[in-house]
Amino acid sequence: MAFLNMKLASLKNTAKNAVNLFKVDESQIKELLESIRANLPTTEALLIGKPQAGKSSIVRGLTGVGTEIIGQGFRPHTQYTQRYAYPSEELPLLIFTDTVGLGDVNQNTEEIIEELTQELDIETKRARILILTIKINDFATDSLKTIASNLRKKYPQIPCLLVVTCLHELYPDLSLTQHPDYPPNFSEIERAFTEIKNTFQGLFDGAVLIDFTLEEDGFNPVFYGLETLVDSLTEILPSAEAKTIHQLLDETVNSELGNLYKDVARRYILAFSIMAVSLSAIPLPFATMPVLTALEVTMVTALGQLYGQTLTASQAGGIISAIAGGFLAKAIGRELIKFVPGLGSIVAASWAGAYTWALGEGACAYFGDIMGGKKPNPDKIKEVMKNAFQNSRHLEN
């Protein structure tokens, strides 16, 4: 036991040194980001609407980002606005500015207008668009119209799209979860849509009906009217920004930055894989499991730091459990095979190195999704791990 404790202490020191040795060149990152950012066709979308009008759902629909990530991504910007940059603050393709406080009893419409005016007065090369968001059954829109009128008068060059949401709340059959063919042909919706457009006449450049819900709500499709929304946006945006709305992520941007992080990450993974092979050569079943677990937790923590995620040991362990899947069962087999004289330790050590490498690649896929504003895809991560494990074993043979 004393020997294992010494091994564990030595491992922690080695891992700590590895973290210091394998860091991304900050100047290289800064230079790359500045170069890419200067040429990005970024669109700033100002979302104007009451709470629960479907503004965050529009962000979900246009980016594919999960609700929990969007909630964490929005940051206070001014007293009455918050911002979310997609896929990241460093490399934004879409910047959503959400108005908060509209519809509150104590709201100050004049102050909200003043803040939005100050924001729009800032010169920028980025394309801008106003997205006026209103629920299909909400006709208490005086403050919203006041804001839209003021902004239209001062910034006629900024296009405005009227987006009417929550259509299912006016379906004749409220138990209906299968949306009809788009656009919906219900008289209740047609009357309400016409009235809203008449109320805001002259204040928008295009109008669209959508119904974006959560998967657990049971509606199909979840993003009803998304294609029409995208088409409407691209009709009133400059060509470069319109193309970005369709593509969302530029492959060159992803590959350049992603490769930079992966190259450094693999230096981490190699170091930890070598340690795993060395430690797993100990010919005592289960003796190395605690040590290897500590090693793998340390590796995932280090990789998380590389991708801008600060993790506790328990959080890193949770990520390992979530992404490793069936590999954990094989870890038990890795230890039991040590009962085979001679060959057992060699096989177990080889498996430990390949598994650690695969786990590292899976963690990179996990953190890469988060850095890109995406919800980690378990199936994709398992496939990444499977391929990395097989390739690692192939290289050994």
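For the structure itself, look to the data block above.
Residues numbered from 1 in each chain as written. Predicted model: local features only at pLDDT ≥ 70, side-chain atom pairs only at ≥ 80, totals over all residues. Heavy atoms only, no water.

## Here we look at the packing of aromatic side chains
The criterion, for reference: Centres within 6.5 Å are what make two rings of Phe, Tyr or Trp a pair, Trp counting through its six-membered ring; a difference in plane orientation under 30 degrees is then read as stacked, over 60 as edge-to-face, and the rest as tilted. We count a stretch as a helix when DSSP gives it H or I for four or more residues in a row; a strand needs E for two or more, and each element gets its number in order from the N terminus. Exposure categories follow from relative accessible area, calculated using a 1.4 Å probe and restricted to protein chains: below 20% of the type maximum is buried, above 50% is exposed, and the middle band is partly exposed. Comment: the charge-over-ring label is applied if NZ (Lys) or CZ (Arg) is within 6 Å of the ring centre and within 35 degrees of the ring normal.
Throughout the structure, instances matching the rule amount to four aromatic pairs. Geometrically, the ring pair formed by Tyr-171 and Phe-186 is edge-to-face, given 5.2 Å between the ring centres and 65 degrees between the ring planes. Residue Tyr-171 is located in the loop between strand E6 (160-165) and helix H7 (187-199), and its partner Phe-186 is located in the loop between E6 and H7; the two are separated by 15 residues in the primary sequence. For the pair Tyr-366 and Phe-367, a centre-to-centre distance of 5.4 Å together with 85 degrees between the ring planes defines the contact as edge-to-face. Each member of the pair Tyr-366 and Phe-367 is classed as buried. Here the guanidinium or amino end of Lys-197 rests over the ring plane of Phe-193, the centre of that ring lying 4.2 Å away.

## Some points on the packing of helix H5 (residues 109-121) against helix H6 (residues 142-154)
To keep it simple, the criterion reads: Geometry is summarised by axes, namely lines fitted to C-alpha atoms with helices restricted to the contacting stretch, and by angles between N-to-C directions that run from 0 to 180 degrees. If an angle is under 35 degrees, it is roughly parallel; if it is over 145, roughly antiparallel; if it lies from 65 to 115, roughly perpendicular; otherwise it is oblique. Less than a right angle of anticlockwise turn of the near helix away from the far helix marks a crossing as left-handed, whereas a clockwise turn marks it as right-handed. Any pair of residues with heavy atoms lying within 4.5 Å of one another is described as a contacting pair. Note on residue classes: Ala, Val, Leu, Ile, Met, Phe, Trp, Tyr, Cys and Pro are nonpolar, Asp, Glu, Lys and Arg are charged, and everything else, Gly too, is polar.
Taken N-terminus to C-terminus, the directions of H5 and H6 make an angle of 30 degrees; their axes are 10 Å apart at the nearest point. Taken together, the axes of H5 and H6 are roughly parallel relative to one another. Helix-helix and strand crossings are classified by hand; for H5 and H6 the assignment is right-handed. Contacts between H5 and H6 involve Thr-109, Ile-112, Ile-113, Leu-116, Thr-117, Leu-120 and Asp-121 on the former and, on the latter, Ser-143, Thr-146, Ile-147, Asn-150, Leu-151 and Lys-154. Classifying every residue of the contact of H5 with H6 gives six nonpolar, five polar and two charged.

## Remarks on helix H12 (residues 313-324)
Put simply, the rule reads: Any helix carries an expected span of 1.5 Å times its number of residues minus one. Working definition: the arc comes from the directions between the helix axis and the C-beta atoms, pointing outward to the latter.
Taking 1.5 Å as the rise per residue, H12 with twelve residues should run 16 Å; its terminal C-alpha atoms sit 16 Å apart, in good agreement. When H12 is considered as a whole, its buried residues turn out to be Ala-316, Ile-319, Ile-320, Ile-323 and Ala-324. Axial view of H12: buried residues confined to an arc of 110 degrees, hence all on one face. Structural note: H12 exposes Ser-314 and Ala-322 on the side pointing more than 90 degrees away from its buried face.

## Focus: unusual backbone geometry
A cis amide bond links Tyr-182 to the next residue, Pro-183, at an omega of -5 degrees. Secondary-structure assignment places Pro-183 in the loop between E6 and H7. Cis geometry is found at the peptide bond from Asn-220 to Pro-221, where omega equals 0 degrees. One non-glycine residue, Cys-166, lies in the positive phi region at around 60 degrees. Summarising the element assignment, Cys-166 is placed in the loop between E6 and H7.

## What about the packing of helix H3 (residues 55-63) against helix H8 (residues 226-236)?
Contact geometry for H3 and H8: axes closest at 11 Å, N-to-C directions at 85 degrees. By the criterion of interaxial angle, the relationship of H3 to H8 is roughly perpendicular. Between H3 and H8, the residues in contact are Ile-58, Gly-61 and Leu-62 and Leu-226, Leu-229, Val-230 and Leu-233, respectively. Grouping the amino acids of the contact of H3 with H8 by side-chain chemistry returns six nonpolar, one polar and no charged.

## Quick notes on the pattern of salt bridges
Put simply, the test is: Throughout this description, the term salt bridge denotes a Lys or Arg side-chain nitrogen within 4 Å of a carboxyl oxygen of Asp or Glu.
Across all of its chains, the model carries nine salt bridges by this definition. Arg-128 is the partner of Glu-44 in a salt bridge, and the nearest nitrogen-oxygen pair spans 3.2 Å. Within this pair, whereas Glu-44 is found in strand E1 (residues 43-49), its partner Arg-128 is found in strand E5 (residues 127-135), the two being separated by 84 residues in sequence. Each member of the pair, Glu-44 together with Arg-128, is buried. Linking Arg-83 and Glu-119 is a salt bridge whose minimum nitrogen-to-oxygen distance equals 3.5 Å. In this pair, Arg-83 sits in strand E3 (residues 81-87) while Glu-119 sits in helix H5, placing the two residues 36 residues apart along the sequence. The network of salt bridges with shared partners includes Glu-44, Arg-126 and Arg-128.

Any functional reading would require information beyond the geometric quantities listed.
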